[in-house]
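# Summary of the model geometry
Listed below, chain by chain, are the residues.
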Amino acid sequence: MQTLNDLSRSLITLEPAGTLIAVIEMSLSSWLVAGIVPGIERQPLKKLAVDESALLKLLHRWREEAEKAGSKIERIVVAFEAGRDGFWLARWLKARSIEAHVIHAASVAVSREHRRAKTDRLDTELLKRAVLGWLRGERDHCKMVAIPTIKDEDAKRPNRERESLVGEQSRIINRMKAALVRLGIRGFNPKLKRAARRLDSLRTPEGEPIPPNTLAELRRDMERRRLVRDQIREIEEARQERIQQAPSDGPHAMVRLLARVIGVGVETADMLVHEVLSRNMRDRRAVARYAGLTGSPDESGRRRREKGLARSGNGRVRRGMIQLAWRFLLHQKNSALTRWFRARTENARGTRKRMIVALARKLLIALWRLVREGVVPDGVVLRPAQ
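Below is a short write-up of the structure. What you see is a predicted model; the values in this text were computed from it and never measured. (Residues numbered from 1 in each chain as written. Predicted model: local features only at pLDDT ≥ 70, side-chain atom pairs only at ≥ 80, totals over all residues. Heavy atoms only, no water.)

## Observations concerning the packing of aromatic side chains
How two aromatic rings sit relative to each other is set out by the distance from centre to centre and by the angle between their planes. For the coordinates displayed, the defined rule picks out 1 aromatic pair. Arranged with centres 6.3 Å apart and planes meeting at 35°, the rings of W31 and W88 form a pair that is tilted. A residue pair is termed long-range when its members are at least 10 positions apart, and W31 in strand β2 (residues 30-36) and W88 in helix α2 (residues 88-94) qualify at 57 residues. The exposure class of W88 is partly exposed, given its relative accessible area of 30%. The positively charged end of K362 is found above the aromatic ring belonging to W340, 5.0 Å away from the centroid. (Phe/Tyr/Trp six-rings, centres within 6.5 Å; stacked < 30°, edge-to-face > 60°. Helix = DSSP H or I, 4+ residues; strand = E, 2+ residues; numbered from the N terminus. Buried < 20%, exposed > 50% of the residue type's maximum accessible area, 1.4 Å probe, protein only. Lys NZ or Arg CZ within 6 Å of the ring centre and 35° of its normal.)

## Points about the pattern of salt bridges
Across all of its chains, the model carries 23 salt bridges by this definition. With a shortest N-O distance of 2.6 Å, R224 and D221 are connected by a salt bridge. Note that R224 and D221 are positioned in helix α6 (residues 212-245) at a spacing of 3 residues, about one turn of the helix. E299 serves as the salt-bridge partner of R304, at 3.7 Å between the closest nitrogen and oxygen. Judged on exposure class, the residue R304 and its partner E299 are both exposed. Members of the salt-bridge network, linked through shared partners, are R162, E236, R239 and E267. (Salt bridge = Lys/Arg side-chain N within 4 Å of Asp/Glu carboxyl O.)

## Notes on the nonpolar core
One recurring pattern in soluble globular proteins is that nonpolar side chains are buried together. Counting 40 residues, the largest nonpolar core has L258, L272, M321 and L364 as the members making the most contacts within it. The element best represented in this core is helix α12 (residues 352-373), accounting for 13 residues. Leaving out residues up to four positions away in the same chain, L272 has contacts with L258, L277, V317, M321, L324, L364 and L367. In terms of nonpolar packing, the next biggest core, distinct from the first, is built from 27 residues, W31, V78, A90 and L93 among them. (Core = buried A, V, L, I, M, F, W, Y, C linked by side-chain atoms within 4.5 Å. Contact = heavy atoms within 4.5 Å.)

## A word on the packing of helix α8 (residues 266-277) against α12
At their nearest, the axes of α8 and α12 sit 12 Å apart, and the two run at 85° to each other. What the angle tells us is that α8 and α12 run roughly perpendicular. On α12, the residues that touch L272, V276 and L277 of α8 are L364, L367, W368, V371 and R372. Here the residues of the contact of α8 with α12 are counted per class, giving 7 nonpolar, no polar and 1 charged. (Axes fitted to C-alpha atoms, helices over the stretch in contact; angles between N-to-C directions. Parallel < 35°, antiparallel > 145°, perpendicular 65-115°, else oblique. Nonpolar A, V, L, I, M, F, W, Y, C, P; charged D, E, K, R; others polar.)

This is the structure we're talking about:
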């Protein structure tokens, strides 16, 4: 379990004379590695191909140089920004007894000049400055990202793939409707089972059939939509099978418990568990901050204003919780959270959209307590356990 603030500052005392520090500026074609080597005045900079073995050899060479200079290296620290490459390199380095950290990219302070110089070499200097402050234990100097296991990462893929497929399905349907509207044909629902057979009988306002090229395009779109629909169904069936095979497994038990809350579907429960609720969050504030359901105040002198949601957290959780908050009002009308929302919006016009964010934050914290501590929110109705 994580210790208090172990991602915002290091809890291990930094010994500069025995610690080799390296930061990596990563790109698709190359890595730029910058080091702070004890006993050596220069700060080496080496450009490598995308090769983890070459990186390991470089670290060992720098350690040998430090030992030749009279510094015994007890600790090797490697850090890089979170990005497209994910966390595989951090796991690979940790398996070889090298301390690896992934820096939250938004926590690295940069120059606010209108046109600042930006190169990989300058970026490594910023990363070194950020990592040094973090290793010294300076609170909130920069933040590290929790490194998930490959199993945790893989558990997120079905829900994210389904979300992408649902979006693709909506784009296909909208494209088909737009093609028909251009011909003056309205009211045709391409989601119906008999939609493909009805295409030949459709007529434009002039009484003409659908032109051949447009008709061929619509048929291809229907085939594409049918394939996407089958893939969505396959993902849902595979997930249900996994839950039935291991119902008492940690994440599966959380999904089953959340799905008992009337208004929370299996899709939403699965997303919440694998994206946020299965993580070791410090407290309720950390839960709300991870979801991006906190405000972003702007105060300077006499100026006081709120810029809206911070949106610095997980966008999937934020969107899902706001949608769930609206459903919660329909299905849990006698709950304490619903009564709290209505008491503040009944006589205040124009506040429902702002207050729904507050409700989403409170609801997320309540669900977090439900799966962690078994505390059922006041007035919330649960389905019978199966």
